[in-house]
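# Examining the three-dimensional arrangement
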Amino acid sequence: MQNLLSLLSNALCRITGRTAGAQTVSELLIGLSEYVSLTSPSAPDLAQTQRLPPKPPPVVALRASAALLASTSLAAAAARVVASRSSTDLTPQVTLDIKKCDLHCLEEGPPVKATLTREQGLQYYRTMQTVRRMELKADQLYKQKIIRGFCHLYDGQEACAAGVEAAITPSDHVITAYRAHAYTYTRGVAVKEILCELTGRRGGVSKGKGGSMHMYAPRFYGGNGIVGAQVPLGAGIALACQYQGNNQLCVTLYGDGAANQGQLFEAFNMAALWKLPCVFICENNQYSMGMSTERASASTDYYKRGDYIPGLRVDGMDVLCVREAVKFAADFCRAGKGPIVMELQTYRYHGHSMSDPGVSYRSREEVQEVRSKNDPIALLKEQMLSNNMASVEELKELDVTIRKEVEEAARFATADPEPPLDDMCNHIFKNDPPLEVRGTNPWSRLRSVS
Amino acid sequence: MLAPPSHRRKDRFKMALSMKSVLRSGRNAVSILRRRAFHRSAPAAAQVTVRDALNQALDEELERDERVFLLGEEVAQYDGAYKVSRGLWKKYGDKRIIDTPISEMGFTGIAVGAAMAGLRPICEFMTFNFSMQAIDQVINSAAKTYYMSAGLQAVPIVFRGPNGASAGVAAQHSQCFAAWYAHCPGLKVVSPWNSEDAKGLLKSAIRDDNPVVFLENELMYGVPFEMSDEAQSKDFTVPIGKAKVERQGTHVTLVSHSRYVGHCLDAAAVLAKEGIECEVINLRTIRPMDVESIEASVMKTNHLVTVEGGWPQFGVGAEICARIMEGPAFNYLDAPATRVTGVDIPMPYAKILEDNSVPQIKDIIFSIKKTLNM
């Protein structure tokens, strides 16, 4: 960090003709901002914007280094200061450098450059911010005891869900484990229906009968409570795709904890043997409940766990990295080359579930570190702002809109009535004549319709 | 959630009664009465939660026999997913308290293997729902081996963890496995209700040379019960295979296990006001089931109602009814036996649906009255 600081401050000194270099990051920033405002062609615009509401503090762009997520050093590819721009100045498209993936049994990997259009950027931003606000709202509702039971939150990992959805088509399939709210959303279920399911009301996507871990949608198979069980299921969905010859694939997600489940290796073997179009994705958020990866796994190279299956290790905090990697994997599968195993290096801010404070096995400083230096939404925001693809005001407005939407959904979810008792026994069997179901005693004869 | 005062007094009275009857009948060496003059001076009857009672049992048995060890997910550094093993890792270290990866089939097999080679493992399932992943090791490797080897190879292991419904954990996390495991010869299946059950039965299970499935209940972990100073002693054990009459009665026999014993006692308290005296039997052990105690009671009351949280088909209640029919008590029944069970559906999530999917006190009262033809 210190070397980098001196490197940049020396460069700045050479450019500006100063003799004393910056000793701290903040000094460097001040120096840089002065330089930019001096040389910017839009200096008059800046003067005009003084009359607008106060600008937010300068957003500094610091790109994550190639090291593991847990590392604290940051390599600044470029540090730029944000300035307000008028909309005529906005860049419609930009090509960005993204981190190279680690490869296993692959000659070539995903591209190291990603194209981002303004529309895409706004869409990814919207998706991630909606997921973030929805999860935080769920946290709040849980603490108010309006949500009960299990609640596993996804905040911190948004880039994974957004990136996956950006890389596949709506006709592809997705299956994941219990940390599923984000995928339920990206697969097309409204926030309202998700929150309503969490509060256990009739407007929930599973009519209140499933809860947090059991939400489904067309081409989205949940939402699975038993760790690892979703992986053979995903391979099976891929089998169905291959069988039906529809050129679709299945994205099968699991965590670093589930990576130690035997059934994964059984699924890997068969997927490779039969060349199933399955993208196995390990969302490595560093902890399986309270166990850090080194305490649970003899090998923490989760992308290599497929052994004979090609693997990729990807920066899961950068939505573009995720998108490019999943696109690469999708093309690979659709070409009939068989499955791929992918590891997304990511992080969860919350504990394992709402009953886990999340600080007995990791420090608050660690969580803060990731939040301040590697937050996926902040990363995308910086990319867009520093490339002049959106204005600060625009993104702020979007934040406000999203907040309102989530607020409204929460209000609905809290006010919606509970499911009716006569729905309790329904949906035991499909396409069956109505069934008599025994209640709690022999005189209680309940009814089940398909 | 304290037991009401009447129960506490009755508990002590019942305990004294049952102690007396045990002495008289000379059945089982119940060590409740062995007062050890030089062990730590135990306080007088204290309020102990089920969680702490289990923790005490684990601690005492780990101390007593160094072949005993605990393995499972989050049992060590996390202090246990439900804090049942709190403090044990700090006290006994990595060798005796082992955190495993999320690999049920694997670590269950490992535990069974260790038992075969002379250790006495306690294998924890975070909930028994996850034991389904490992059930082959429990049944085929643990339960059947002593038989298959004609007595050569014993498997002294305890499988423990929370069983049955909790609150709002939905279908995949709410199943009761009492019937599943109790179906298999070679296994002992134990289901404690209160703190005394929990501590005494867990100690017995650990000392037993056979595979024991120990079904706890998450909703009971935080419930305090009075424990006599005898029950707090380091040698206190409750025999496996013996039911306990928690409440004497004359009109109807209620048989239950785990959390629903409490529901039965509550129903009995309500009905007592109407002059109906219920006899409440706490099974304590599902397999081997103490059918004699049930028969003795039915022959006295002439009516039988079983209460359980699990599903009705092929369940604990179904087995009790069949056994009663096959034995001497059948001729004493004045009405068919009634089973009160969970509703025959996967557990729904929404509170109103979940509440109506398990036996409530009003269901028990209703069933008793119907059985008594009132």
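Keep in mind that what you see is a predicted model, and the values were worked out from it rather than measured.

Before going further, it helps to examine the overall build of chain B. Counting its secondary structure elements, chain B contains 13 helices and 14 strands. Expressed as a percentage of its 374 residues, the buried residues of chain B come to 58%. Of the contacts made within chain B by residues no fewer than 6 positions apart, 81% connect residues no fewer than 24 positions apart. Entry remark: accessible area of chain B is about 15,000 Å², with carbon and sulfur atoms responsible for 56%.

Here the focus is the overall build of chain A. Within chain A, the secondary structure is distributed over 14 helices and twelve strands. The 450 residues of chain A split such that 54% are buried. Carbon and sulfur atoms make up 54% of the accessible area of chain A, which amounts to about 20,000 Å² in all.

What follows concerns the interface of chain A and chain B. With 46 residues of chain A in contact, the opposing surface of chain B contributes 46 residues. Taken together, the links from chain A to chain B amount to two salt bridges. The interface formed by chain A and chain B holds 19 residue pairs in polar contact (both at pLDDT 80 or more) in total. If you list the elements that add at least two residues to the side of chain A that touches chain B, you get α7 (191–198), α10 (293–296) and β11 (435–438) of chain A. Residue composition of the side of chain A that touches chain B, by class: 20 nonpolar, 19 polar and seven charged.

For chain A, mean pLDDT is 88; residues scoring 70 or higher make up 81% of the total. Here residues 40–83 of chain A is modelled with pLDDT under 50, and outside its nearest four sequence neighbours on either side it reaches 63 contacts, counting other chains as well.

Let us now look at unusual backbone geometry. Residues apart from glycine generally show negative phi values, whereas peptide bonds are mostly found in trans. Cis geometry marks the peptide bond from B:Arg287 to B:Pro288; its omega dihedral reads 0 degrees. Positionally, B:Pro288 belongs in the loop between β12 (285–287) and α10 (291–301). At A:Lys145, a position not held by glycine, the phi torsion is positive, near 65 degrees. Relative to the assigned elements, A:Lys145 resides in the loop between α4 (118–143) and α5 (158–167). The phi angle at A:Met289 is positive, at roughly 55 degrees, despite the residue not being glycine.

Before going further, it helps to examine the sheet that holds strand β2 (residues 68–72) of chain B. Residues and elements named next belong to chain B. Pairing is mixed across the open sheet formed by seven strands, whose spatial order is β3-β2-β4-β5-β7-β6-β12. In this open sheet, the two strands that pair with only one neighbour each are β3 (97–99) and β12. Sheet twist, expressed as the mean angle between neighbouring strand axes with direction ignored, is 20 degrees. The sheet contact formed by strand β4 (residues 120–124) and strand β5 (residues 158–162) spans three bridges and is parallel.

The subject of this paragraph is the packing of aromatic side chains. If you walk through the whole model with that rule in mind, you get 15 aromatic pairs over all chains. Both rings, one in A:Tyr361 and one in B:Tyr78, keep their centres 6.4 Å apart while their planes meet at 35 degrees; by these two values the pair is tilted. Here A:Tyr361, found in the loop between β10 (340–345) and α12 (364–373), pairs with B:Tyr78, found in the loop between β2 and α3 (88–92), and the two come from separate chains. Aromatic rings pair up to connect B:Phe107, B:Phe125, B:Phe128, B:Phe159, B:Phe177, B:Trp180 and B:Tyr181 into one cluster. If you follow A:Lys192 out to its NZ or CZ, it ends over the ring of A:Phe412, 4.4 Å from the centre. Over the ring of B:Tyr78 we find B:Lys83, and its NZ or CZ is 4.2 Å from the ring centre.

All names here are of chain A. Judged by pairing direction, the sheet is mixed, and its six strands sit side by side in the order β2-β9-β10-β6-β5-β4 without closing on themselves. Of all the strands in the sheet, the pair left with one neighbour each is β2 (102–104) and β4 (173–175). The sheet shows a mean angle of 20 degrees between the axes of neighbouring strands, direction not considered. Here β2 pairs with strand β9 (residues 311–315) via three bridges, running antiparallel. Bridge pairing in β9 links His104 to Gly311. Here helix α11 (residues 319–334) sits on the sheet in contact with β6 (278–284), β9 and β10, set at roughly 175 degrees to β10.

As a further point, take the environment of B:Phe236. All names here are of chain B. With respect to the helices, strands and loops of the structure, Phe236 is situated in the loop between β8 (224–227) and β9 (244–247). Given a relative accessible area of 0%, Phe236 falls into the buried group. Separated by 35 residues in the primary sequence, Phe236 and Leu201 place their C-alpha atoms 9.2 Å from one another.

A word on helix α13 (residues 361–371) of chain B. The set of residues buried in α13(B) consists of B:Asp363, B:Ile364, B:Ile365, B:Ser367, B:Ile368 and B:Thr371. Where α13(B) is buried, its residues meet β10 (252–256), α9 (260–272), β11 (278–282), β13 (304–307) and β14 (338–340) of chain B.

On to the pairing of strand β12 (residues 445–448) of chain A, then. Within a regular strand, side chains alternate between the sheet's two faces. Residues and elements named next belong to chain A. Pairing geometry for β11 and β12, over four bridges, is antiparallel. By the bridge assignment for β12, Glu436 is matched with Arg447. Between β11 and β12, which pair antiparallel in sequence order, lie six residues.

We now examine the nonpolar core. Core analysis: the largest hydrophobic core is formed by 78 residues, its most contacted members being A:Leu116, A:Tyr183, A:Leu195, A:Val251, A:Ile281 and A:Met342. Dropping the residues within four chain positions of it, A:Leu195 is found in contact with A:Met134, A:Lys137, A:Leu141, A:Val406, A:Ala409, A:Ala410 and A:Ala413. A:Tyr349, B:Val50, B:Leu54 and B:Leu58 belong to the second-largest nonpolar core, a separate cluster that totals 72 residues.

Attention now goes to the side chain of A:Arg132. Residues and elements named next belong to chain A. Counting through the fold element by element, Arg132 comes out in helix α4. At 2.5 Å, the side chain of Arg132 and the side chain of Glu158 are in polar contact. Apart from residues lying up to four places away in sequence, Arg132 is in contact with Asp155, Gly156, Glu158, Tyr349, Asp375, Pro376 and Ile377.

Rules behind the numbers
- Residues numbered from 1 in each chain as written.
- Chains lettered and ligands numbered in written order.
- Predicted model: local features only at pLDDT ≥ 70, side-chain atom pairs only at ≥ 80, totals over all residues.
- Heavy atoms only, no water.
- Helix = DSSP H or I, 4+ residues; strand = E, 2+ residues; numbered from the N terminus.
- Buried < 20%, exposed > 50% of the residue type's maximum accessible area, 1.4 Å probe, protein only.
- Contact = heavy atoms within 4.5 Å.
- Areas by Shrake-Rupley, 256 points an atom, 1.4 Å probe, with all protein chains shown as cover.
- Salt bridge = Lys/Arg side-chain N within 4 Å of Asp/Glu carboxyl O.
- Polar contact = N/O pair within 3.5 Å; in protein donor to acceptor, adjacent residues only side chain to side chain.
- Nonpolar A, V, L, I, M, F, W, Y, C, P; charged D, E, K, R; others polar.
- pLDDT = per-residue confidence, 0-100.
- Pairing = 2+ DSSP bridges.
- Axes fitted to C-alpha atoms, helices over the stretch in contact; angles between N-to-C directions.
- Phe/Tyr/Trp six-rings, centres within 6.5 Å; stacked < 30°, edge-to-face > 60°.
- Lys NZ or Arg CZ within 6 Å of the ring centre and 35° of its normal.
- Core = buried A, V, L, I, M, F, W, Y, C linked by side-chain atoms within 4.5 Å.

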